[in-house]
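The primary structure of each chain is shown beneath.
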Amino acid sequence: MSQQRSQWGSRVGFILAASGSAVGLGNIWKFPYITGENGGGLFVLIYLACIILVGLPILVAEIMIGRAGQSQPILAFHKIAGRRTGWSIVGWLGVLSGFIIGSFYIVVAGWAMDYTLKSVVGFTNPMAEQAETQALVYRATASDQDMQELVVEHRTRYELDRAERNWRRQFSPSTWSHWNDYKSAVEADADPEKLKEHTGIAAAANQVEAAQGQLKEAQDEILKSSRAEVSELSKASPIELRDEAETIKRRMLIRDQVTSVFMQLLGDGWTSTFWAGLFMFIAILVVANGISSGIERTCRVLMPLLILCIMTLVVYGFFQTGFNQALAFVFKPDPTSLEPKSVLEALGHAFFTLSLGMGAMITYGSYQRSQSGGLVGESVAIAGLDTGIALLACMMMFPIIFSYGQDPSGGPGLVFMSMPLAFAEMGEIGMLLGIIFFGLLVFAALTSAISILEVVASYLIDGHGWSRHKSVWIIGGSIFGFGIISAFANSAGFKMTSWLPGYGQSFFDTMDLLTSNWMLPLGGLLIAIYAGWVLPARIRKNELSDLSGFVAGAWLFLVRFVAPILVIIVLLDKIGLIDVDEISFHLMH
Ligand code: PHE
């Protein structure tokens, strides 16, 4: 088996396949919305630091282990050690993570397929038409007063939010959580005086209550000045005001419809299952064809196509009114909009987006020859492509989001709700852009899903000598079978709360959180420790022989100290042993 182990056709092919694995839903669906939720600029900067200090060194480590072990992750550790070793637990963890990630990944990818088809039939056209008519009726019937209020509400919504967030900064996270306990108890008719018998709660309640006037004053100020501005506008040019109110109304109406379309899909387990199955079927066909004629060949076509689609949308965005706003949002650091916890989120995302911690890169690396050089260069290219595409994804979505008055912190629905909304308002061109946009999402997801499938299936191929065809079909089928639960996770009657009372997450979210927050960072930590401390120095030297001592030394330092320490901090915070928010609050005050 091992003597005719498959190989990539070329170095470029490997880089495209590995960056195909890295570039996926994480870049296009997740990165823009977490950037939006965390206020842009500074978050992006921190994310870049995480990629360079933690992601890149672990990426090098994974490929190194793969090359040296010439096997999929479970066996690679045994092979390097020359005997059975407990480190293979990392491989088991990875295979399990792959199984779980694959199961919900294909569901989201399936939605992207569904939306591609929806875009082909122009699903937003009738919504836009209907909303246009209704908004026109609104314009003709609503009172001037109502319209002014609508415009004020719309114009001030972010400012009011921001005022509240800034105000909240004066309280420590523990004060704030006490206050929330107090508030909900009072809402449930508890006696405030009795609650305040708790010294912690009393202190928090008094502190927040004393400051409430401050917030109200700030918000009233914002509303007052906006009202003045709007009533000025209504006197000076009433038509302009009515135009604005009509536009806001139209967008609200489209938003309602776009939202309900997505909610419907989310709640429709059968349709989600169908698409997830079709997507998995395609992934199986690719992986069953082997490394160079299946995976590599597919990525060689899809990756350039993906970049072309993104560039098309970025160029379109460039000519939109919201481009400068988007540029500032993504690249201008604004320290007031960042919570310390976002740093942890950035680090967690660095793992997911580079496909680290589950042995995907060990597996892909194992189809390269040992000691074939260029390891760090390849890793830089992969991480660079991944990061570049994540940033481009922001620059393709945010200009559109801003130009059409959408909220950048729209959360997970950014792709499936905010984007269709903008497309709806563009008419015919929106249809075309929608097809390109959702199509590229499918391509990105496919090149990642095949790497997930390869990790799990290669265990049967390398470990049990099964044929590639048989392994891939069985594993792909099982991942799909397990994924059906995620496909139904948001259907009525399938909510986790029904059999795990008091637990608020759906099965889908649980799988996502379990892998991205726990399993991948844990896997990454073990890989860093292994590569930095356990892997024989001879192997490190051999694989990095073409590098200057400085670069090799820097890598060793990062993988030995910086990456493990940062990951341990993240894990401790997640376990609850330390609270990074609380600590940094006290450091700053
Ligand atoms: N990196 C992929 C993405 O960004 C997801 C992935 C995670 C793929 C882990 C393989 C392994 O979407």
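As the structure is a computational prediction, the values presented were derived from the model and not from experiment.

Peer 1: Help me out: how do you make sense of the site of the ligand in this one?
Peer 2: The full set close to the ligand counts 14 residues, and Ala 22, Gly 26, Tyr 105, Phe 352 and Ser 355 are the nearest of them. A distance of 2.8 Å separates an oxygen atom of the ligand from a polar atom in the backbone of Gly 26. A distance of 3.3 Å separates an oxygen atom of the ligand from a polar atom in the side chain of Asn 27. Protein contact buries 100% of the 330 Å² of open area that the ligand shows by itself.

Peer 1: Help me understand the pattern of salt bridges, please; the structure alone is not making it clear to me.
Peer 2: When their charged atoms lie close together, side chains carrying opposite charge are able to pair. Applying the stated criterion across every chain, the model contains 18 salt bridges. One salt bridge connects Lys 216 with Asp 220, and the closest N-O pair in it is separated by 2.9 Å. A residue pair is termed a helical-turn pair when its members lie 3 or 4 positions apart in one helix, as Lys 216 and Asp 220 do in helix 10 (residues 199-236) at four residues. A salt bridge links Glu 425 to Arg 250; its shortest N-O distance comes to 2.8 Å. Of this pair, Glu 425 sits in helix 18 (residues 418-426) while Arg 250 sits in helix 11 (residues 238-266), and the two are 175 residues apart along the sequence. Each of the salt bridges in this network shares a partner with another, and the network as a whole consists of Arg 11, Arg 67, Glu 378 and Glu 543.

Peer 1: Any chance you could explain the state of the cysteines here in plain terms?
Peer 2: Working definition: the covalent bond between the sulfur atoms of two cysteines is a disulfide. Under the counting rule described, the total for this entry stands at zero disulfides. The thiol of Cys 394 is unpaired, and the distance to the nearest cysteine sulfur, on Cys 50, comes to 15 Å. Take Cys 394: its relative accessible area is 0%, and that puts it in the buried class.

Peer 1: Even after reading the chapter, I still don't get a positive patch on the surface, so can you show me in this structure?
Peer 2: Together, Arg 162, Arg 165, Arg 168 and Lys 183 give the surface a local cluster of positive charge. At three residues, the largest contribution of residues to the positive patch is made by helix 7 (residues 144-168). Looking at the secondary structure, you find Arg 162 in helix 7. According to the relative accessible area criterion, Arg 162 is partly exposed, its value standing at 42%.

Peer 1: How do you make sense of the environment of Trp 533 when you look at a structure like this?
Peer 2: The residue Trp 533 is located in helix 21 (residues 507-534) in this model. Those residues in contact with Trp 533 that lie beyond four places of it in its chain are Arg 540, Arg 560 and Phe 561. Among the polar contacts listed, one links the side chain of Trp 533 to the backbone oxygen of Arg 560, at a separation of 3.3 Å.

Peer 1: I keep staring at the packing of aromatic side chains and nothing clicks. Help me out?
Peer 2: Ring pairs (aromatic) are described by centroid distance and by the angle formed between their planes. Under the definition given, this model contains 38 aromatic pairs. Seen from their ring centres, Phe 77 and Tyr 530 are 4.8 Å apart, and the 80° between their planes marks the pair as edge-to-face. With a gap of 453 residues between them, Phe 77 in helix 4 (residues 73-81) and Tyr 530 in helix 21 connect regions that are remote in the sequence. A relative accessible area of 0% means that Phe 77 is categorised as buried. Ring geometry for Phe 482 versus Phe 507: centroids 5.9 Å apart, planes at 80°, classification edge-to-face. Here Phe 482 is found in helix 20 (residues 468-487), whereas its partner Phe 507 is found in helix 21, with 25 residues between them in sequence. Residue classification places Phe 482 among the partly exposed positions, given a relative accessible area of 25%. Three or more aromatic residues joined by ring pairs form one cluster here, namely Phe 104, Trp 111, Tyr 115, Phe 123, Phe 262, Phe 416, Phe 423, Phe 437, Phe 438 and Phe 508. When the ring centre of Trp 466 is taken as origin, the NZ or CZ atom of Lys 470, which lies over that ring, is 4.2 Å away. Between Arg 560 and the ring centre of Trp 533, over which it is positioned, the NZ or CZ distance is 4.4 Å.

What counts, and where the lines are drawn
- Residues numbered from 1 in each chain as written.
- Predicted model: local features only at pLDDT ≥ 70, side-chain atom pairs only at ≥ 80, totals over all residues.
- Heavy atoms only, no water.
- Near = heavy atom within 4 Å.
- Polar contact = N/O pair within 3.5 Å; in protein donor to acceptor, adjacent residues only side chain to side chain.
- Areas by Shrake-Rupley, 256 points an atom, 1.4 Å probe, with all protein chains shown as cover.
- Salt bridge = Lys/Arg side-chain N within 4 Å of Asp/Glu carboxyl O.
- Helix = DSSP H or I, 4+ residues; strand = E, 2+ residues; numbered from the N terminus.
- Disulfide = S-S within 2.5 Å.
- Buried < 20%, exposed > 50% of the residue type's maximum accessible area, 1.4 Å probe, protein only.
- Patch = residues over 30% accessible without salt bridge, like charges linked within 9 Å, V, L, I, M, F, W, Y side chains within 5 Å.
- Lys, Arg positive; Asp, Glu negative; His and termini not counted.
- Charge placed at Lys NZ, Arg CZ, Asp CG, Glu CD.
- Contact = heavy atoms within 4.5 Å.
- Phe/Tyr/Trp six-rings, centres within 6.5 Å; stacked < 30°, edge-to-face > 60°.
- Lys NZ or Arg CZ within 6 Å of the ring centre and 35° of its normal.

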